[in-house]
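# Overview (structure and organization)
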Amino acid sequence: APHCEMVTFDCHTIMAQFHGRNLLMVTESERCDQMAKLFREKGVKPEWEVFSLAHILQDTTRLIEAGFDQPPYYVNMVLGAMGFQGGYPYTPKILQMMVDHLPKDSIFNVSAIGTAQLPATTHAILLGGHLRVGLEDNNYYSHGRLAKNEELVARAVRIVRELGAEPATAAEAREMVGLSPVKAPARAAA
């Protein structure tokens, strides 16, 4: 049965450094197993968020092979997050390597931070993947010019179309990743 919702699952330890402060989120393999079981019990589809090849090859693949998710597996590769220890920058070779090592039956998405956002997400489209854009990852539209979220989305839509594809509707995206359709809310009587 399709899942109703999807939640980001970082099944690896994260050490992030921001503004001179360190954030440590320890997620050892045993904790990953507990979280994966909870996702399955609650009927939540994981969005496997990875920052490096090790993140794909270790607990993500182990948990998928153990049956904690059903195809298609949705893997979000975050590149250019240089404040994350062990995170990879975006280069064409790095993205290709990560795509080459995805579990069979995976759908992938690329999120890239800062100036990496435009080239990495465009490359994702060329590789048959999906993309995430917006102010969470990038505050600039171009060098020195702050962006509006709508501008980043509109540019991504133009690029998708220029490359011969069409952005998915929300319903199509839900179907692609194995989520059940969202029922429209009942309208109030006038």
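In what follows, the accompanying structure is described. (Residues numbered from 1 in each chain as written. Predicted model: local features only at pLDDT ≥ 70, side-chain atom pairs only at ≥ 80, totals over all residues. Heavy atoms only, no water.)

## As for the pattern of salt bridges
Under the definition given, this model contains seven salt bridges. One salt bridge connects E151 with R145, and the closest N-O pair in it is separated by 2.9 Å. Judged by relative accessible area, R145 falls into the partly exposed class, the value being 36%. Each of D33, D59 and R62 takes part in one network of salt bridges that share partners. (Salt bridge = Lys/Arg side-chain N within 4 Å of Asp/Glu carboxyl O. Buried < 20%, exposed > 50% of the residue type's maximum accessible area, 1.4 Å probe, protein only.)

## Structural notes on the pairing of strand β4 (residues 44-50)
Burial analysis of β4 places seven of its seven residues in the buried class, which makes it a mostly covered element. Two elements, strand β1 (residues 5-9) and β4, share five bridges in a ladder whose sense is parallel. By the bridge assignment, M6 is partnered in β4 with K45. Note that β4 and strand β5 (residues 73-79) share four bridges and pair parallel. Bridge pairing in β5 places W48 opposite V75. Assessed by its sense of winding, the connection that carries the chain from β4 through helix α2 (residues 53-65) to β5 is right-handed. (Helix = DSSP H or I, 4+ residues; strand = E, 2+ residues; numbered from the N terminus. Pairing = 2+ DSSP bridges. Right-handed = clockwise from strand over helix to strand, strands pointing away.)

## Some thoughts on the environment of R161
You can see R161 is positioned in helix α5 (residues 149-162). Overall, R161 belongs to the partly exposed group, its relative accessible area being 47%. Separated by 132 residues in the primary sequence, R161 and S29 place their C-alpha atoms 41 Å from one another. Here R161 is in contact with E166 and P167, once residues within four sequence places are set aside. Separated by 2.7 Å, the side chains of R161 and E166 make a polar contact. (Contact = heavy atoms within 4.5 Å. Polar contact = N/O pair within 3.5 Å; in protein donor to acceptor, adjacent residues only side chain to side chain.)

## Brief notes about α2
A rise of 1.5 Å per residue sets the reference length of α2, with its 13 residues, at 18 Å; its end C-alpha atoms lie 17 Å apart and thus fit the reference within 8%. At D59, α2 shows its maximal kink, close to 30°. For α2, the full list of buried residues reads L53, H55, I56, D59, T60, T61, L63 and I64. The inward-facing, buried residues of α2 contact β1, α1 (29-42), β4, β5 and α3 (92-100). Looking at the residues trailing α2, positive phi occurs at G67, about 90°. (Expected span 1.5 Å × (residues − 1). Bend = angle between axes of the 7 residues up to and from the residue.)

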